[in-house]
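Structural characterization, general
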Amino acid sequence: MTEGVPERASKAGAEPTAGGGRRSSEVTRAAILRAARDRFAADGYDRATIRAIAADARIDPSMVMRYYGSKENLFATAAEFDLRLPDLSGVPADRLGTALTSYFFTRWEGDSTLPALLRTASTNPSGAERVRAIFATQLGTAVGRVVADPAEAPRRAGLVASQLLGVALTRYVLRLPPMVDISPAELITWLAPTIHRYLTHPAPH
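Quantities reported herein were computed from a predicted structural model and do not represent experimental measurements.

Each helix and strand counted, the protein has 11 helices and two strands in total. Its helices and strands taken in sequence order, the protein reads α-β-β-α-α-α-α-α-α-α-α-α-α from the N to the C terminus. By the burial criterion, 42% of the 205 residues in the protein qualify as buried.

And the structure:
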């Protein structure tokens, strides 16, 4: 039986659409994911609804729940989060920490997608895997372009992520008052030296 799909759906091999036709379970899953990605991108996580996603996919809402179980599970599978990191290779070495930290807070303020993914990742294995993949590939690649030893890039990128994701979690998800109240400019001032050290200082021995 396919994970997340009841046995009766797998046996049937086809699902009813809103228009009364039928299509295969694989086509149905693909249609739901396409609709979810478009809806999450357009409305954000909080305003996107299972009913709206189902309408976009031309399928009954119960089918979305049958395949994915919850909005959180669907989001964890559908989320395609592009950090849109700048090329740091042209940034002066003494500005790397400030440039990367400033970019992340510019990216996060007013964007509900990453906080939603972090909320999902805290309780959902698929969401956690998506966060790991995003930061391993996107941040790891960006860090690899600027560190002295590319072999150290994964560890240095992990240290950078630990700081930035920690702030994102406490500011946007847990909403701890001291972290919510502090301005982005002040956060950058606090964090940039640490991010800079992770990127440029020799590894401790």
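Using the criterion set out here, one finds eight aromatic pairs in the structure. Where Phe-104 meets Phe-135, the ring centres are 6.4 Å apart and the plane angle is 20°; that geometry is what we call stacked. On the criterion of sequence distance, the pair formed by Phe-104 in helix α6 (residues 96-108) and Phe-135 in helix α8 (residues 125-144) is long-range, its members being 31 residues apart. Judged by relative accessible area, which is 1%, Phe-104 ranks as buried. For the ring pair Trp-108 and Tyr-172, a centre distance of 6.1 Å and an interplane angle of 70° mean the geometry is edge-to-face. Of this pair, Trp-108 sits in helix α6 while Tyr-172 sits in helix α9 (residues 153-173); the two residues are 64 residues apart in sequence, bridging distant segments of the chain. Judged by its relative accessible area of 2%, Trp-108 is buried. Residue Tyr-172 is classed as buried on the basis of its relative accessible area of 15%.

All right, on to the side chain of Thr-101 then. Mapped onto the secondary structure, Thr-101 falls in helix α6. Using a relative accessible area of 0% as the deciding quantity, one classes Thr-101 as buried. If we skip the residues at most four places from it in the chain, Thr-101 touches Ile-188, Leu-191, Ala-192 and Ile-195.

A word on the confidence of the model for the protein. Looking at the protein as a whole, its pLDDT mean stands at 84, while 89% of the residues score no less than 70. Summarising per-element confidence for the protein, the mean pLDDT is lowest in helix α1 (residues 7-12) (40) and highest in helix α3 (residues 50-57) (96). Note that pLDDT drops below 50 for residues 1-13; the model gives that stretch 19 contacts with residues more than four away or on any other chain.

Following both chains from N to C, one finds helix α5 (residues 71-78) and α8 inclined at 25°, their axes separated by 8 Å at the closest point. Put simply, α5 runs roughly parallel to α8. In this structure, the crossing between α5 and α8 has a hand that is left-handed. Contacts between α5 and α8 involve Ala-76, Thr-77 and Ala-78 on the former and, on the latter, Ser-126, Gly-127 and Arg-130. Its residues assigned to classes, the contact of α5 with α8 shows two nonpolar, three polar and one charged.

The rules behind these values
Residues numbered from 1 in each chain as written. Predicted model: local features only at pLDDT ≥ 70, side-chain atom pairs only at ≥ 80, totals over all residues. Heavy atoms only, no water. Helix = DSSP H or I, 4+ residues; strand = E, 2+ residues; numbered from the N terminus. Buried < 20%, exposed > 50% of the residue type's maximum accessible area, 1.4 Å probe, protein only. Phe/Tyr/Trp six-rings, centres within 6.5 Å; stacked < 30°, edge-to-face > 60°. Contact = heavy atoms within 4.5 Å. pLDDT = per-residue confidence, 0-100. Axes fitted to C-alpha atoms, helices over the stretch in contact; angles between N-to-C directions. Parallel < 35°, antiparallel > 145°, perpendicular 65-115°, else oblique. Left-handed = near helix turned anticlockwise from the far one by under 90°. Nonpolar A, V, L, I, M, F, W, Y, C, P; charged D, E, K, R; others polar.

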